[in-house]
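Read off the chains here:
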Amino acid sequence: EQTMLSGNELGGSSESVSDSKDENVLDETEDAGEEYIDETLFLGDSNTVRMMNYGITSLKNTLAVVGMGIQSVKTLKCIQFEGYSSPITMVEAVKLLKPRRIIITFGTNNANGMSVDDFIKKYEEALDAINQFDSTDCSEKQLSVAFAK
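Note that residues are indexed from 1 along each chain, following the sequence as it is written. Where totals are concerned, whole chains, interfaces and linings use all residues; where local detail is concerned, this predicted model gives features only for residues with pLDDT of at least 70, and gives and counts side-chain atom pairs only at 80 or more. Only hydrogens and water are set aside; all other atoms, that is, all heavy atoms of the structure, feed into the side-chain values.

## Focus on the pairing of strand S3 (residues 40–44)
Heads up, the rule is: Exposed residues in this analysis have more than 50% of their type's maximum accessible area, buried residues have under 20%, and partly exposed residues fall in between, with area computed by a 1.4 Å probe over protein chains only. Strands here are runs of E lasting at least two residues and helices are runs of H or I lasting at least four, both read from the DSSP assignment and numbered beginning at the N terminus. Paired strands, as defined in this entry, are two strands with at least two bridges between them according to DSSP. The definition of a right-handed crossover adopted here requires that, viewed with the strands pointing away, the path from the first strand over the helix to the second runs clockwise.
Judged by how many residues are buried, S3 sits mostly within the fold: five of five residues are covered. Both faces of S3 are covered, namely the face carrying Thr-40, Phe-42 and Gly-44 and the face carrying Leu-41 and Leu-43. As defined by bridge partners, S3 adjoins strand S5 (residues 101–104) across four bridges and the pair is classed as parallel. Residue Leu-41 lies in a different strand from S5, and its bridge partner there is Ile-102. Here S3 pairs with strand S4 (residues 62–64) via three bridges, running parallel. Its bridge partner lying in S4, Phe-42 is registered against Thr-62. Remark: the S3/helix H2 (residues 46–53)/S4 crossover connection has right-handed handedness.

## Topic: the sheet that holds S5
Selection criterion: Lines fitted to C-alpha atoms define the axes, with helix axes restricted to the stretch in contact, and inter-axis angles between N-to-C directions lie between 0 and 180 degrees.
Strand order in the open sheet formed by three strands is S4-S3-S5, and the pairing between neighbours is parallel. The sheet is open, and its two borders are formed by S4 and S5, each paired with just one other strand. On average, each strand axis in the sheet is tilted by 15 degrees relative to the strand beside it, whichever way the strands run.

## Regarding the pattern of salt bridges
Under the convention used in this document: Here, a salt bridge means any Lys or Arg side-chain nitrogen found within 4 Å of an Asp or Glu carboxyl oxygen.
Inspection of every chain in the model, using the stated rule, returns four salt bridges. Put simply, Glu-125 and Lys-121 hold a salt bridge, and the shortest N to O gap is 3.9 Å. Pair noted here: Glu-125 and Lys-121 are both in helix H4 (residues 116–130), with a separation of four residues, about one helical turn. The partly exposed category is assigned to Glu-125, whose relative accessible area is 24%. Classification of Lys-121 by relative accessible area gives partly exposed; the value is 47%. The shortest N-O distance in the salt bridge between Lys-122 and Glu-125 comes to 3.6 Å. Within this pair, Lys-122 and its partner Glu-125 are both found in helix H4, separated by three residues, close to a single helical turn. Residue class for Lys-122 comes out partly exposed when judged on its relative accessible area of 27%. Among the charged side chains, a network of salt bridges with common partners joins Glu-39, Arg-100 and Arg-101.

## As for the environment of Gln-80
Keep this limit in mind: We call two residues in contact when some of their heavy atoms are within 4.5 Å.
Position of Gln-80 relative to the elements: it lies in the loop between S4 and helix H3 (90–97). Judged by its relative accessible area of 47%, Gln-80 falls in the partly exposed class. Counting along the chain gives 13 residues from Gln-80 to Ala-93, while the straight-line C-alpha distance between them is 9.0 Å. Among residues more than four places away in sequence, those in contact with Gln-80 are Ser-85, Ser-86 and Pro-87.

Pasting the structure below:
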């Protein structure tokens, strides 16, 4: 069974996915096409790297580090841009790239050893840092995080 925590209430109550429809979970729609993917910036870990390796995303719209957890989004200087003498954080990269939307796919590396409450707190902190930039559609209202029980 999965428990769905809506972005509006990450610190609040949770509902079983099978019991009710969460307003933050998108209904199934027709494929939005390559343009939608190309206009989306993907932030994540090795699962996100694999999306690039399989040709779903590209270097132009993927910021991903194998082994990275959500707690490092604001602090780990892991993104190297041409013309920069040293790496920058994912948050700094989002500011530079000004994406239309962001999908954050961290979680795998946080599954072992981090409590659900700490995971939620770190996601909220990362979202707050990213949401400083008006150029994104990323918001807590649009985020849903699923945890397997």
